[in-house]
Amino acid sequence: MKLVVVSAGLSVPSSTRLLADRLSAAVDRGTPVDTEVIELRDLAVEIAHHLTSGFPGRALAAAQDAVAGADGLIVVTPVFSASYSGLFKSFFDVLDKDALVGKPVLIAATGGTARHSLVLDHALRPLFSHLRAVVVPTGVYAASEDWGAEGLPDRIERAAEELAALMPKARRRQEEPVVPFAQQLAALGARPREQAPVR
Amino acid sequence: MQFGIFTVGDVTPDPTTGRTPTERERIKAMVAIALKAEEVGLDVFATGEHHNPPFVPSSPTTMLGYIAARTENLILSTSTTLITTNDPVKIAEDYAMLQHLADGRVDLMMGRGNTGPVYPWFGKDIREGINLAVENYALLRRLWREDVVDWEGKFRTPLQGFTSTPRPLDGVAPFVWHGSIRSPEIAEQAAYYGDGFFHNNIFWPAEHTRRMVELYRNRYAHYGHGTPAQAIVGLGGQAFMRKNSQDAVREFRPYFDNAPVYGHGPSLEDFTEQTPLTVGSPQQVIDRTLSFRETVGDYQRQLFLMDHAGLPLKTVLEQLDMLGEEVVPVLRKEFAVGRPADVPEAPTHRSLLAAKAAEEKEESAV
């Protein structure tokens, strides 16, 4: 199974990436998976260009294909101004609107203080619900203080187990078949023809 | 193979001078560009249709009728005609009228339009875009092909005993292309009717164009109009030329950097690598355009966008001189090499009339 991790951390090293790695390692421990990590920092310029030009550059297109082809996703963003970062949101803004339909997604975020932990439920969860993903019940938030406290490893394990349980049932995106034209016409109440006209 | 130009009709400030042409200047420039296209031996001039600033061409048949009166050979077309928000009855009437005035030198390219507010301004809903294109075009075809039409549909007031006048020239409807960048439904529609499919690839990577054209070709064959290779395909292109490619890049860069649509985005270098835009010598434009055949197969119509982003008229006319004198003659020759004999040319009024006569003869013989 293919697990894709989307990390929107900006610094190197990044606590967002650290959390992402802990989460993917936890999934892999329970159910061995092929893991691909997408660092949005590396795609920042291509994402901005996509917004202006309307099509993805090569690296961004490859990342979009990886996301669309995944059996499960882990998405991790730092909290910026009380929400996900703009870069994180922009990546999903330029993704095909059907790419995440039926796909299991584990949401996670990092921040300087625990006061922002509800960002998971007021920002990330609605975003992925809108994209018709299947968001696992446990989201993982890590404030700076969590890296020296109890509780984080348990939440990571629980979230990873939930994601791993859903991954075998993931709906992979399929090429949409063309709706035959006669069917399209008939849906409008127009009389379908016996056959296509020959020029 | 047909070669021509298509224009968006944008009124854009020249970024090198800051000067914005008046609407009158831009409209007159579009006419001058069309006349130049005929003068340098191009086959097609196509105008966009827009109903919002900064665009001027809201009334394509007025402009094309005027150009028709001042040209002899140029095929007058659109890029695109809004099949969603225009009344199909008015399209049927306007373009049949233009056919008579232009002695048949008319075809159309249908498009949906992607400017949200235009739909409500014309009493339509953008979420019905595909359905509007399907139903309106089904009616338009009947209006051109049947003398008396009874019609009831979802989007338009019913018609009982309606005759669209004037009837199409010689009883032959104008040839229709369907333009779409990413909607398979439109490729399917074009294939169903055996109409042309135009992929305006100028802002898109080649792989995307290849997939859309392949879908159209396969469905064209599925509906029994011919082999996939015989489907009628048109492509866009975009070029800026100077004798020395360095000069072309230097002169075009400020226009590129500030262009509507893609300005302030990817670099000129990235964009020319990833899309059909070619900025360089005429030979580079020739080489690039010839490579389109590798993506979509032998095709019928190549239209270039030459006059947007605030380029001054004088520069555009110089570009058209180069296009007509140095680029297109080579393209005509090279595209003919290795082109299978059973790949048709784009239909024209004359070829459609001949096909109709042959069909009638066959019927009377039975």
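Here, residues in each chain are numbered from 1, in the same order as that chain's written sequence. Lettering of chains starts at A and numbering of ligands starts at 1, both following the order in which they are written. Note on the predicted model: pLDDT of at least 70 is required for a residue's local features to be given, and 80 or more for side-chain atom pairs to be given and counted; whole-chain, interface and lining totals, by contrast, use all residues. With hydrogens and water set aside, each side-chain value is computed from the structure's full complement of heavy atoms.

**Q** Help me understand the overall build of chain A in this model?
**A** When helices and strands are tallied, chain A shows 7 helices and 7 strands. Listing each helix as α and each strand as β along chain A from the N terminus yields β-α-β-α-α-β-β-α-β-α-β-β-α-α. When the backbone C-alpha atoms are referred to their principal axes, chain A occupies close to 75 × 35 × 30 Å. Burial here depends on accessible area, computed with a 1.4 Å probe over protein chains only, as a share of the maximum for the residue type. Under 20% is buried, over 50% is exposed, and the range in between is partly exposed. Considering chain A as a whole, with its 199 residues, one finds that 48% of them fall into the buried category. Residue contacts follow a heavy-atom distance rule, with two residues in contact if any of their heavy atoms lie within 4.5 Å. Within chain A, contacts between residues at least 6 apart in sequence are counted, and of these 78% link residues at least 24 apart. Surface accessibility follows the Shrake-Rupley procedure with a 1.4 Å probe radius. Residue values consider only the protein chains on display as shielding. Accessible surface, chain A: about 9,800 Å² in total, of which carbon and sulfur atoms supply 52%. In this tally, Asp and Glu contribute negative charge and Lys and Arg positive charge; neither His nor the terminal groups of the chain are included. The atom standing in for a charge is NZ when the residue is Lys, CZ when it is Arg, CG when it is Asp and CD when it is Glu. Positive and negative side-chain charges in chain A, numbering 21 and 23 respectively, have mean positions lying 7 Å apart. Think of it this way: any DSSP run of H or I at least four residues long counts as a helix, any run of E at least two long counts as a strand, and we number them from the N terminus.

**Q** How do you make sense of the packing of aromatic side chains when you look at a structure like this?
**A** Each aromatic ring pair is specified by the distance between its two centres and by the angle formed by the two planes. Two rings from Phe, Tyr or Trp (for Trp, the six-membered ring) form a pair when their centres are within 6.5 Å of each other. A pair whose planes differ by under 30 degrees is stacked, one over 60 is edge-to-face, and the rest are tilted. If you walk through the whole model with that rule in mind, you get 23 aromatic pairs over all chains. Relative to Y262 of chain B, the ring of F203 of chain B has its centre 5.6 Å away and its plane inclined at 65 degrees; by these criteria the two rings are edge-to-face. Of this pair, F203 of chain B sits in the loop between β9 (196–199) and α7 (206–222) while Y262 of chain B sits in the loop between α8 (245–257) and α9 (268–274), and the two are 59 residues apart along the sequence. Assessed through its relative accessible area of 17%, F203 of chain B is described here as buried. On the basis of relative accessibility, which here comes to 1%, the residue Y262 of chain B falls in the buried class. Through a chain of ring-to-ring contacts, the aromatic side chains of F55 of chain A together with F203, F256, Y262 and F271 of chain B assemble into a single cluster.

**Q** Looking at this structure, how should I read the pattern of salt bridges?
**A** Two side chains with opposite charge may pair up if their charged atoms get near one another. All names here are of chain B. Between Lys or Arg on one side and Asp or Glu on the other, a salt bridge is scored when a side-chain nitrogen of the former is within 4 Å of a carboxyl oxygen of the latter. Summed over the entire model, instances satisfying the criterion amount to 35 salt bridges over all chains. Between K90 and D94 there is a salt bridge, and its shortest N-O distance comes to 2.8 Å. Note that K90 and D94 are positioned in helix α3 (residues 88–101) at a spacing of 4 residues, about one turn of the helix. Taking relative accessible area as the criterion, K90 reaches 45% and is therefore assigned partly exposed. Its salt-bridge partner being R142, residue E146 comes within 3.1 Å of it at the nearest N-O pair. One salt-bridge network, held together by shared partners, links E207, R210, R211 and E214.

**Q** Got a minute to help me understand the nonpolar core in this structure?
**A** Across soluble globular proteins, nonpolar side chains have a tendency to be buried as a group. Throughout, nonpolar core names a set of buried Ala, Val, Leu, Ile, Met, Phe, Trp, Tyr and Cys residues whose side chains join them through atoms within 4.5 Å. Core analysis: the largest hydrophobic core is formed by 113 residues, its most contacted members being I5, W144, Y216, F252 and L323 of chain B. Ranked by residues supplied to this core, first place goes to helix α5 (residues 129–145) of chain B with 9 residues. Ignoring anything within four residues of it in the chain, the contact list for I5 of chain B reads I33, A37, L42, V44, F45, A46, L303, F304, M306, L320 and L323 of chain B. In terms of nonpolar packing, the next biggest core, distinct from the first, is built from 39 residues, A8, V79, Y84 and F92 of chain A among them.

**Q** Looking at this structure, how should I read the interface of chain B and chain A?
**A** Interface size is often expressed as the accessible area that is lost when the parts come together. Counting residues at the interface gives 39 residues for chain B, matched by 22 residues for chain A. Summing both sides of the interface, chain B and chain A together bury roughly 2,500 Å²; the carbon and sulfur share of this comes to 60%. It is V134, Y192 and Q274 of chain B that lose the most area in chain B upon contact with chain A, and together they represent 22% of the buried surface on that side. Our enumeration of links across chain B and chain A arrives at 1 salt bridge. Here E273 of chain B ties to R58 of chain A by a salt bridge, and the two come within 2.8 Å at their closest N and O atoms. Counting of polar contacts relies on pairs of N or O atoms within 3.5 Å, with two restrictions inside protein: one atom must be capable of donating a hydrogen and the other of accepting it, and residues adjacent in sequence are counted only when both atoms are side-chain atoms. Where chain B meets chain A, there are 4 residue pairs in polar contact (both at pLDDT 80 or more). If you list the elements that add at least two residues to the side of chain B that touches chain A, you get α5, α6 (184–193), α7 and α9 of chain B. Among the elements that take part in the side of chain B that touches chain A, α5 of chain B stands out by supplying 7 residues, more than any other. Throughout, the accessible surface (probe 1.4 Å) given up by two parts as they are put together, summed over both, is called the buried area.

**Q** Any chance you could explain helix α10 (residues 282–296) of chain B here in plain terms?
**A** Think of an α-helix as turning once every 3.6 residues; residues three or four places apart then point the same way. Helix span, expected: 1.5 Å multiplied by one less than the number of residues in the helix. Spanning 15 residues, α10 of chain B covers 22 Å between terminal C-alpha atoms, matching the ideal 21 Å at 1.5 Å per step. The first or second residue beyond α10 of chain B is G297 of chain B, which carries a positive phi of 90 degrees.

**Q** Help me understand the environment of G226 of chain B, please; the structure alone is not making it clear to me.
**A** Residues and elements named next belong to chain B. Within the element layout of this structure, G226 appears in the loop between α7 and β10 (233–241). Under the relative-accessibility criterion, G226 is labelled partly exposed at 24%. Along the sequence, G226 and V343 sit 117 residues apart, while their C-alpha atoms lie 9.7 Å from each other. In this structure G226 touches Y220 and A221, once residues within four positions along its chain are discounted.

**Q** Please clarify how the pairing of strand β2 (residues 44–47) of chain B should be interpreted in this entry.
**A** Residues in a regular strand project their side chains so that they alternate between the two faces of the sheet. Residues and elements named next belong to chain B. Alternating positions in β2 separate into two faces, V44 and A46 on one and F45 and T47 on the other, with burial throughout. Where strand β1 (residues 2–7) lies against β2, 4 bridges are found, and the strand directions are parallel. In the sheet register, G4 faces β2, and the bridge partner there is V44. A crossover links β1 with its parallel partner β2, the connecting element being helix α1 (residues 23–39), and its sense is right-handed. In the sheet, β2 pairs with strand β3 (residues 75–78) via 4 bridges, with the strands oriented parallel. Following the sheet pairing, V44 is matched in β3 by I75. Where the polypeptide runs from β2 across helix α2 (residues 60–69) and back to β3, its parallel neighbour, the crossover connection is right-handed. Pairing between strands requires that DSSP locate at least two bridges from one strand to the other. Viewed with both strands pointing away, a crossover whose connecting path from the first strand over the helix to the second turns clockwise is right-handed.

**Q** Where do I start with unusual backbone geometry in this structure?
**A** Across residues other than glycine, the phi torsion is negative in most instances, and most of the peptide bonds are trans. In this chain, V12 of chain A is followed by P13 of chain A through a cis amide linkage whose omega measures -5 degrees. Here P13 of chain A shows up in the loop between β1 (2–7) and α1 (15–30). Residue T80 of chain B follows S79 of chain B across a cis peptide bond; omega there is 15 degrees. Mapped onto the elements, T80 of chain B comes out in the loop between β3 and β4 (81–82).

**Q** Looking at this structure, I do not really get the packing of α1 of chain B against α2 of chain B. What am I missing?
**A** When two helices pack together, their arrangement is captured by the angle between the axes and the distance separating the axes. Residues and elements named next belong to chain B. Whenever a helix is involved, its axis is fitted only over the stretch in contact; in every case the axis is a line through C-alpha atoms, and angles between N-to-C directions fall within 0 to 180 degrees. Between α1 and α2, whose axes approach to 10 Å, the crossing angle comes to 45 degrees. By the criterion of interaxial angle, the relationship of α1 to α2 is oblique. Crossing geometry of α1 relative to α2 is assigned as right-handed. Side by side, α1 and α2 meet where I27, K28, M30, V31 and A34 of the first sit next to M63, Y66 and I67 of the second. Split by residue class, the contact of α1 with α2 holds 7 nonpolar, no polar and 1 charged. Comment on the angle field: the value is read as roughly parallel under 35 degrees, roughly antiparallel over 145, roughly perpendicular from 65 to 115, and oblique elsewhere. Left-handed describes a crossing whose near helix is turned anticlockwise from the far helix by less than a right angle; the clockwise case is right-handed. Here the term charged refers only to Asp, Glu, Lys and Arg, the term nonpolar to Ala, Val, Leu, Ile, Met, Phe, Trp, Tyr, Cys and Pro, and the term polar to all other amino acids, Gly among them.

**Q** When you look at the side chain of E162 of chain A in this model, what are you seeing that I'm missing?
**A** Residues and elements named next belong to chain A. Relative to the assigned elements, E162 resides in helix α6 (residues 152–166). R158 provides the closest opposite charge to the buried, unpaired E162, separated from it by 4.4 Å. Ignoring anything within four residues of it in the chain, the contact list for E162 reads V136, P137 and T138.

**Q** Honestly, the environment of G189 of chain A in this entry has me stumped. Any pointers?
**A** Mapping G189 of chain A onto the fold places it in the segment after α7 (181–187). Judged by relative accessible area, G189 of chain A falls into the exposed class, the value being 61%.

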